[in-house]
Amino acid sequence: MGTDHKPVVQAVGLTKVFRDFWYRSRVVAVDRLDFDIRPNEVFGLLGPNGSGKSTTIKMMLGLLYPTHGRISVLGRPPTDVAIKSRIGYLPEESYLYRFLNARETLDYYGRLFQINRRDRQRRVDQLLEMVGLTRESRRRVGEYSKGMARRIGLAQALINDPDLLILDEPTTGLDPIGTREIKDLIVFLNREKRKTVLLCSHLLADVEDVCQRVAVLYGGRRQAVGPIHELLSQENLTQITTDRLSEGTLHRIRQIVEEEEGKHVISMTAPTARLEAFFLKTVREAQKARPETSGASAGGRIADFLAGGGAEEGQAVVESLIAASEVAPTTGAAQASPAEVEQEPAREVIQELVSDDGILAGRDDAVEGPPAALPGESVEEADRRVIEELLKPTRGSGDERQE
Ligand SMILES: Nc1ncnc2c1ncn2[C@@H]1O[C@H](COP(=O)(O)OP(=O)(O)OP(=O)(O)O)[C@@H](O)[C@H]1O
Ligand SMILES: [Mg+2]
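This one's a predicted model, so the numbers in the text were calculated from it and none came from an experiment.

Visitor: Go over the confidence of the model for the chain with me, naming the residues and quoting the values.
Guide: Looking at the chain as a whole, its pLDDT mean stands at 77, while 71% of the residues score no less than 70. Overall, residues 310-343 carries pLDDT values under 50, and its contacts beyond four positions in sequence, including any with other chains, amount to 66 contacts. pLDDT under 50 marks residues 356-371. Its contacts with residues more than four places away, or in other chains, come to 27 contacts.

Below you can see the structure in the form of structure tokens.
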């Protein structure tokens, strides 16, 4: 991407019509959509259910063809294999092989990108630490809770150290602490590691906290686009915040506003904290008192291998970013060089992530039975055999390939 300021993603008149068997228009999922995602920004795609967010992402990944209009990613058509290895994608639902553990899952995706064994091990360790799953890394991901599956999905999206990170509903199923951690992580990846991020969500607090610009979709059409502070600013109101005032002072303020400005005072109340901030404070205090819990632990140690910045500033990212809910404006500074991986496997990764074949979505499916055992084989042996088959070097490319 270099230091140029060309859009990372550009959609012009992008339209997707789903047709029925007789080729009649059934649903106009995306309708003449125009938007740009600029280098090093976190861009939010907002909209209610069914507004066309995931369809837009799928066109961005070259998984669906636009009916009309065009979309380019990193200056190329999305079907170009050269860009696939520069993209990290967290699908709407975590598609995970239920019988692999977290470590094997990440290793598997690392192999698809043909990352050599030593680098894979290092990246897997760092990513597990970062998403708070180190302690649970030997458990089968089929047993994971929704939030844990989201965390491993995010780690998978980062295994190839992508330039563009596409996150479809990354905080679905996460508790408020996990949500805050993922949001802080997105801000950190953007600020310190110079990743461009597309965040797709209908959770407004998520988008408000991390995005610099947003587009709002409804019925597949763009309803609004712009910097978030401009869209949310209320230029026609003035808000003053001070320590608590006496009744007498409040009365005098009301008089001044009414007599000198000819305006009505709309409200003069004690402000309330946002529920999210209150909840986080309460739970963090409880955590300090009793640190042990089951499930995912707090992540936060940033994976060193991710390009773009030094390791030191990453160590305490969660703590350091908690206070910083305002996102700094994009700098347009140099993008890290793309990961040095083969191009073709990256296409496999994305197809893996959306294919239904042998891949299970989320936890509900994960309670299905184990893989079919061969005659005389126990369930555990069948599990192990399938895992070993999956972990065999792919397409004749051994671990030694880049070593
Ligand atoms: N493969 C498909 N075939 C037919 N219609 C589809 C297909 N995929 C999506 N649609 C329709 O396109 C519209 C947009 O769907 P999309 O999944 O893009 O919405 P979304 O904004 O991601 O919603 P959500 O917030 O629920 O994830 C919906 O009406 C949906 O039913
Ligand atoms: Mg969606």
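Visitor: Give a description of helix 1 (residues 53-60) that names residues and reports values.
Guide: The element helix 1 is extensively covered by neighbouring structure, given that 7 of its 8 residues are classed as buried. Along helix 1, the residues that are buried comprise Lys53, Thr55, Thr56, Ile57, Lys58, Met59 and Met60. A positive phi of about 75° marks glycine 62, the residue just after helix 1.

Visitor: Describe the pairing of strand 2 (residues 25-37), naming the residues involved and giving the relevant values.
Guide: Where a strand is regular, its side chains alternate between the two sheet faces. Here strand 1 (residues 9-19) pairs with strand 2 via 8 bridges, running antiparallel. Bridging across to strand 2, glutamine 10 finds its partner in aspartate 36. If you look at the hairpin formed by strand 1 and strand 2, you'll find 5 residues sitting between the two strands, and tyrosine 23 has a positive phi there, around 65°.

Visitor: Requested: an account of the nonpolar core, with residues and values cited.
Guide: If you look at the biggest cluster of nonpolar residues, it comprises 76 residues, and the most contacted ones within it are Leu127, Ile152, Ala155, Ile166, Ile186, Leu198 and Leu199. When residues in this core are grouped by element, the largest group, 7 residues, is from helix 5 (residues 146-158). Beyond its immediate chain neighbours, meaning those up to four positions away, isoleucine 166 contacts Ile57, Met60, Ile87, Gly88, Tyr89 and Leu198.

Visitor: Lay out the site of ligand 1 in plain terms, naming residues and giving numbers.
Guide: Close to ligand 1 lie 13 residues, the nearest being Ala29, Asn49, Lys53, Ser54 and Thr55. Taken together, the elements giving at least two residues each to the shell around ligand 1 come down to strand 2 and helix 1. Ranked by residue count, the leading element in the shell around ligand 1 is helix 1, at 3 residues. Its residues assigned to classes, the shell around ligand 1 shows 3 nonpolar, 8 polar and 2 charged.

Visitor: Give a description of the packing of helix 3 (residues 102-112) against helix 4 (residues 117-130) that names residues and reports values.
Guide: Following both chains from N to C, one finds helix 3 and helix 4 inclined at 130°, their axes separated by 10 Å at the closest point. Regarding the angle of helix 3 to helix 4, the classification is oblique. In terms of crossing hand, the pair formed by helix 3 and helix 4 is right-handed. Each of Ala102, Arg103, Leu106, Asp107 and Gly110 in helix 3 lies in contact with helix 4, whose residues at this interface are Arg120, Arg123, Val124, Leu127 and Leu128.

The rules behind these values
Residues numbered from 1 in each chain as written. Chains lettered and ligands numbered in written order. Predicted model: local features only at pLDDT ≥ 70, side-chain atom pairs only at ≥ 80, totals over all residues. pLDDT = per-residue confidence, 0-100. Contact = placed C-beta atoms within 7 Å. Buried ≥ 20, exposed ≤ 12 C-beta atoms within 10 Å, placed from the backbone. Helix = DSSP H or I, 4+ residues; strand = E, 2+ residues; numbered from the N terminus. Pairing = 2+ DSSP bridges. Core = buried A, V, L, I, M, F, W, Y, C linked by C-beta atoms within 7 Å. Near = placed C-beta within 6 Å. Nonpolar A, V, L, I, M, F, W, Y, C, P; charged D, E, K, R; others polar. Axes fitted to C-alpha atoms, helices over the stretch in contact; angles between N-to-C directions. Parallel < 35°, antiparallel > 145°, perpendicular 65-115°, else oblique. Left-handed = near helix turned anticlockwise from the far one by under 90°.

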